[in-house]
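What follows is the residue order along each chain.
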Amino acid sequence: MRGTTVLPGASCHASNEGELPMHRLEVPTPNALPFAIGTFETMGPNSRASFPHRHTFHEIVHVTGGTGTHVVDLARWELRPPHLCVLGPGQVHHWENARGLTGIVVLFTDDFLLDHPGDRDVLRQLSERPWLTLDEATNAATSRLLTEIHDEYRHAAPGAESVLRSLLHILVVRASRLPETTGSATPARAGAVVEEFVRLTGRTDLALWSVRAYAERVGVTPGYLTEAVKAATGRTPSQLIRETRAREAKRLLARTDLTVRQVAGRVGFVDPAYFCRFFRRETGMSPGDFRRDGDVRLLPVPSS
C-alpha cells in the first residue's frame, strides 16, 4: 500500500453536485494494513491537494518546511514550520499556494487503533484544534519518532504491525500534550460558518434535516458547527433545525392539501406517528388540529 488516496468507487467517479470529494486509503491486497506513512513526495499529489476534500481516515501531518496556507474547516493557517496537524475522518481541508512542502504524512483508519481504542477520542479532540506549532526540542523528538515509524513501516519485519500500533499510540499521546496554536488562523471563520448555516436553513429544497447533513454541506465537522452556531446565537443547530422542520410542516399543512403522512415525508420523517409526536412537542398541537385551527395568518401567501 502506497498510502495514496482516491475517490470512492473502483472507477473513481467525480463527486455528486454539491458534494466534496471523499478520499479513502487505497488498499491493493486483502492483507494490507490500514496504515501508511511517507513524505509529501512519496505520498503523491493528493497529500498536498489544492481542492477542498474529506477523508475516510485519520491524517497526521508533520510539516518541516515550505510556504503557503493550510485551510482546515474554513480556518486558514499560514505555514511557519515546524507544525503538527491532526485531521479526523470527514474533516474538510486543502492547501493553498503550497511551495516546497517537506515533512511526513501518516494515514490510518479507525481499524488500526484496535490496540488503543481510547486514541479515537484523543484524535477527535485534536482534530478540533488541528494546527500545532512545535518548539525546537519537541520538533526534534517528533522527527525522531516519525523516522522510527517510517523505518518500521518500510522494512515490514516480523511483528511490524504491533510495533506500528504502539509507536502510533505514542505519537497520539505526545500530540495531545502539545499546547494549542493561538493567533495564527484567520479570524471570523465561525461567522462565515454560521452565515452559511442560516442561509441553508432558509431553503427547503435541500432536504437537510440533521446537524451532520448541514455540517457536510457547509464543509465543517458537526462539532465545529455546533460550537460556532451556539457561540453566535446562544442556541444549538439542533434547536434551529427543529424549528425549521416545524415551520416548514406548518407551511405545508396550512397551504397544501398534502396528507399528514406526505407532510411528514417532506420534512424528513419516515414514521408519521413520530412526526406527529415531534409536531405536538414543537407547537403544542397535533398536525390535524393545526390544520383545522392553526393561525394561518402567521403564514402569509407570497405575493406573485
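Before reading further, recall that the structure is shown in the block above.
Values in this document were obtained by computation on a predicted structure and should not be read as measured data.

Enquirer: What exactly am I supposed to notice about the pattern of salt bridges here?
Expert: Oppositely charged side chains may form a pair once their charged atoms are brought near each other. A complete count under the given rule lists nine salt bridges for this structure. Residue R165 is joined to D115 by a salt bridge in which the shortest nitrogen-to-oxygen separation is 3.8 Å. In this pair, R165 sits in helix α4 (residues 160–176) while D115 sits in the loop between β8 (93–108) and α2 (119–127), placing the two residues 50 residues apart along the sequence. For D115, a relative accessible area of 41% corresponds to the partly exposed category. Several salt bridges converge on common partners, so that one network encompasses D115, E161 and R165.

Enquirer: Help me out: how do you make sense of the nonpolar core in this one?
Expert: Counting residues in hydrophobic clusters, the biggest one holds 43 residues, and the most contacted among them are F35, I60, V106, F108, I149 and L168. If you tally residues by element for this core, the top one is β8, at seven residues.

Enquirer: Can you help me understand the side chain of S47 in this one?
Expert: Its place among the elements puts S47 in the loop between α1 (40–43) and β4 (54–55). Given the relative accessible area of 7%, S47 is considered buried. Among residues more than four places away in sequence, those in contact with S47 are F40, W95 and V105.

Definitions and cut-offs
- Residues numbered from 1 in each chain as written.
- Predicted model: local features only at pLDDT ≥ 70, side-chain atom pairs only at ≥ 80, totals over all residues.
- Heavy atoms only, no water.
- Salt bridge = Lys/Arg side-chain N within 4 Å of Asp/Glu carboxyl O.
- Helix = DSSP H or I, 4+ residues; strand = E, 2+ residues; numbered from the N terminus.
- Buried < 20%, exposed > 50% of the residue type's maximum accessible area, 1.4 Å probe, protein only.
- Core = buried A, V, L, I, M, F, W, Y, C linked by side-chain atoms within 4.5 Å.
- Contact = heavy atoms within 4.5 Å.

Take it as geometry only, folks, not as evidence of what the structure does.
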